[in-house]
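Spelled out, the chains give:
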Amino acid sequence: LGSKAHTAAPDLYNIACILAGILKIPFTYYMENLLIVVPKAEGKDLKGQRWRIRLGSYAFLFSIIGNVGYIGAGIWSEDHNYPTSLYGMGTHEIFSVLTFGGFIMGAFFMGLIIVLYDTKIPKGLGLYGIFGPLIVGIIYTIGGVPPSQTFWEWGMLFAILIWIIPLSIIVFFKE
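Okay, so let's go over this structure. (Residues numbered from 1 in each chain as written. Predicted model: local features only at pLDDT ≥ 70, side-chain atom pairs only at ≥ 80, totals over all residues. Heavy atoms only, no water.)

## Notes on the packing of aromatic side chains
Counted under the stated rule, the structure contains 10 aromatic pairs. Aromatic pair Tyr29 and Phe60: ring centres 4.9 Å apart, planes at 65°, arrangement edge-to-face. Of this pair, Tyr29 sits in helix H1 (residues 10-36) while Phe60 sits in helix H2 (residues 50-75); the two residues are 31 residues apart in sequence, bridging distant segments of the chain. Overall, the relative accessible area of 47% leaves Tyr29 in the partly exposed class. Looking at Phe60, the relative accessible area reads 18%, which means it is buried. With a centroid separation of 5.2 Å and an interplanar angle of 80°, the aromatic rings of Phe108 and Phe109 are classed as edge-to-face. When sorted by exposure, Phe108 lands in the same class as Phe109, which is buried. An aromatic cluster of three or more residues is present, and its members are Tyr58, Phe62, Phe108 and Phe109. Positioned over the ring face of Trp51 is Arg54, at 5.0 Å from the centre of the ring. (Phe/Tyr/Trp six-rings, centres within 6.5 Å; stacked < 30°, edge-to-face > 60°. Helix = DSSP H or I, 4+ residues; strand = E, 2+ residues; numbered from the N terminus. Buried < 20%, exposed > 50% of the residue type's maximum accessible area, 1.4 Å probe, protein only. Lys NZ or Arg CZ within 6 Å of the ring centre and 35° of its normal.)

## Thoughts on the side chain of Ser96
Residue position: Ser96 is located in helix H3 (residues 91-116). In contact with Ser96, not counting residues within four places along its chain, are Ala73 and Gly101. (Contact = heavy atoms within 4.5 Å.)

## A closer look at H1
With 27 residues, H1 should cover 39 Å at 1.5 Å per step; its first-to-last C-alpha distance of 38 Å lies within 8% of that length. Maximal helix bending in H1 amounts to about 30°, located at Ile25; proline Pro26 follows within four positions. When H1 is considered as a whole, its buried residues turn out to be Pro10, Tyr13, Asn14, Cys17, Gly21, Lys24, Phe27, Thr28, Met31, Leu35 and Ile36. (Expected span 1.5 Å × (residues − 1). Bend = angle between axes of the 7 residues up to and from the residue.)

## A look at empty space enclosed by the protein
Evaluated as defined, the whole model comprises three cavities of 30 Å³ or more. Looking at the largest cavity, its volume works out to about 60 Å³. Contributing to the lining of the largest cavity are Lys24, Phe27, Ser63, Phe103, Gly106, Ala107, Met110, Trp163, Ile164 and Leu167. Breaking the lining of the largest cavity down by element, the ones donating at least two residues are H1, H3 and helix H5 (149-174). Sort the elements by how many residues they give to the lining of the largest cavity and H3 lands first, with four residues. Partitioned by chemical class, the residues of the lining of the largest cavity number seven nonpolar, two polar and one charged. The space that makes up the second largest cavity amounts to roughly 50 Å³. (1 Å grid on protein atoms, 1.4 Å probe; cavity = no way out; pocket = protein on both sides within 12 Å on 5 of 7 lines; lining within 4 Å. Points joined across faces, edges and corners; volume = space filled by probe spheres on them. Nonpolar A, V, L, I, M, F, W, Y, C, P; charged D, E, K, R; others polar.)

If you want it as structure tokens, here you go:
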């Protein structure tokens, strides 16, 4: 995505990756608090909320991994990819896996909370969080699916953006 071979202005894209990764960290903390906190005034049994807390912790962990990966993928773009001994992957590939894997799994666990529990976020967006990015990620991982691997990498980016942007807008205006 941030390479001279694929993008007209790769440095601009890489700076955007770094800034987006940094700026999404506070949002990740906010989302954890929003999705895990259960109103105590309702008199509900909080023991039954254990899974909500676990799912929220997984969502938080994977989202932070995605944020760190996004920052790293911006720093070590395809044009500045250094080989490592980890499965023959370069620095860019490692951070790309962290980015996409982190954001896909973060969306999956947040989506589960939204669908299974009462939140201010519409259940339809929760369903998309569970299935949208995950399906595109599976297709990308399988590989060899036409039209190309680069196409599916862009597809993963847009699948994640289609999740994050409405989520951010809904949370911003519902608070």
